[in-house]
Amino acid sequence: MVRRIDVTGAGGVRLAAWEFADPPKNRETERTPGVLLLHGLMGRASHWASTARWLSERHRAVALDQRGHGQSGKPPEAAYTREAYVEDAEAALEQLGLAPTVLIGHAMGALTAWQLAAKRPDLVCGLIICDMRASALGAASQREWEDWFKAWPVPFATLADVRKWFGEDDPWVERPNPSRGAFYAEVMHESEDGWRPVFEPEQMLKSRQTWVYDAHWEELAQVRCPALVVRGLDGELGRAESQEMVRVLPSGQYAEVAEAGHLVHYDQPEAWRAAIEPFLDGVLAP
């Protein structure tokens with residue numbers, strides 16, 4: 001069962017939230033916190049389907065298509081600021097009745113998660129940060145992304161072409177990575193002239209520029225709930241920075257996933273679940 005729930009975000013933007021399985025029906029589950037899953041800049045809620053189904057064996061787990069992504073609203077005049085993303089997640093928690101919740105975020109979604117945890121500690125009882133840096137990435141990083149978007153050979157003729165380009169031919173790919181190709185195939189839709197992304201690249205760049213120039217250590221230090229920092233050994237978050245993030249967090253823990261890149265939960269779903277399960281058992285215990 002896949003169920004869509006429409007919620008209203010900041011400024012009235014329509015957001016699509018998704019349950020990928022029925023939560024177990026028992027009193028014990030009703031007393032435990034829910035889980036809200038937040039994808040990254042290039043993601044959508046469906047990238048969390050495997051994790052959400054696994055979580056739903058014991059808890060209510062909901063994945064959110066954030067503004068500009070998936071099947072949520074993409075109004076060109078809407079704000080794509082940090083504040084808007086955080087307020088969207090806050091509104092979703094309240095409208096879905098998930099609080100107190102465990103927030104699980106990947107990349108940009110992880111930043112949204114820890115900013116919300118710092119802002120509204122009453123809504124968040126646990127936090128999992130997946131492969132997101134707290135340090136500023138800078139102007140050079142933003143220019144690299146601008147050039148990368150320009151390099152996409154859109155429209156793609158077929159989904160197989162999407163998988164091949166992002167899994168093999170993309171200059172950012174060091175070695176063939178089928179899971180990366182599958183990840184990007186999931187954010188494409190068929191248009192009259194071929195396959196194009198479901199988001200507007202300009203909006204993604206606008207979203208990214210609202211956080212890429214700044215460091216986010218101060219907000220990280222304001223998180224009061226238990227928090228787990230997870231990195232893929234071949235991902236974008238280095239060991240030294242991840243361990244400093246754990247130190248800065250008032251109640252931080254660390255886990256790593258071998259043979260995983262930036263898309264940790266998508267590259268190695270079983271190892272990802274094994275890495276986060278002990279933390280979840282502690283936070284979500286009835």
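What you see is a predicted model, and the numbers here were worked out from it, not measured in a lab.

A look at the environment of Gln253
Tracing the chain through its elements places Gln253 in strand S10 (residues 252-257). Residues Gln253 and Gly282 lie 29 residues apart in sequence; the distance between their C-alpha atoms is 12 Å.

Some words on the packing of helix H5 (residues 138-151) against helix H8 (residues 201-209)
Across the interface, H5 lies against H8 with an axial gap of 11 Å and an inter-helix angle of 170 degrees. The orientation of H5 relative to H8 falls into the category roughly antiparallel. For the pair H5 and H8, contact is made by Ser141, Gln142, Trp145, Glu146 and Phe149 and by Pro201, Met204, Leu205, Arg208 and Gln209, respectively.

Considerations on the pairing of strand S8 (residues 194-197)
With four bridges connecting them, strand S7 (residues 188-191) and S8 associate as antiparallel partners. Looking at S8, one finds that Glu190 is bridged to Trp195. The loop that links S7 with its antiparallel partner S8 comprises two residues.

Points about the packing of helix H6 (residues 159-169) against helix H7 (residues 178-185)
H7 packs onto H6 with a crossing angle of 130 degrees between their chain directions and a minimal axis gap of 7 Å. It follows that H6 is oblique to H7 by the angle criterion. Both H6 and H7 take part in a crossing whose hand is right-handed. Contact residues: H6 offers Leu159, Val162, Arg163, Phe166 and Gly167, while H7 offers Arg180, Gly181, Ala182, Tyr184 and Ala185. Looking at the contact of H6 with H7 residue by residue, the class counts come to six nonpolar, two polar and two charged.

Describing unusual backbone geometry
Omega for the peptide link from Ala99 to Pro100 comes to -5 degrees, which places this bond in the cis form. Among the secondary structure elements, Pro100 is positioned in the loop between helix H3 (82-96) and strand S5 (101-106). Note the cis peptide between Val154 and Pro155, where omega equals 0 degrees. Looking at where Pro155 falls in the secondary structure, it is placed in the loop between H5 and H6. Residues other than glycine seldom take positive phi values, yet Ala107 does so here, at roughly 55 degrees.

Reading the values: rules and limits
Residues numbered from 1 in each chain as written. Predicted model: local features only at pLDDT ≥ 70, side-chain atom pairs only at ≥ 80, totals over all residues. Heavy atoms only, no water. Helix = DSSP H or I, 4+ residues; strand = E, 2+ residues; numbered from the N terminus. Axes fitted to C-alpha atoms, helices over the stretch in contact; angles between N-to-C directions. Parallel < 35°, antiparallel > 145°, perpendicular 65-115°, else oblique. Contact = heavy atoms within 4.5 Å. Pairing = 2+ DSSP bridges. Left-handed = near helix turned anticlockwise from the far one by under 90°. Nonpolar A, V, L, I, M, F, W, Y, C, P; charged D, E, K, R; others polar.

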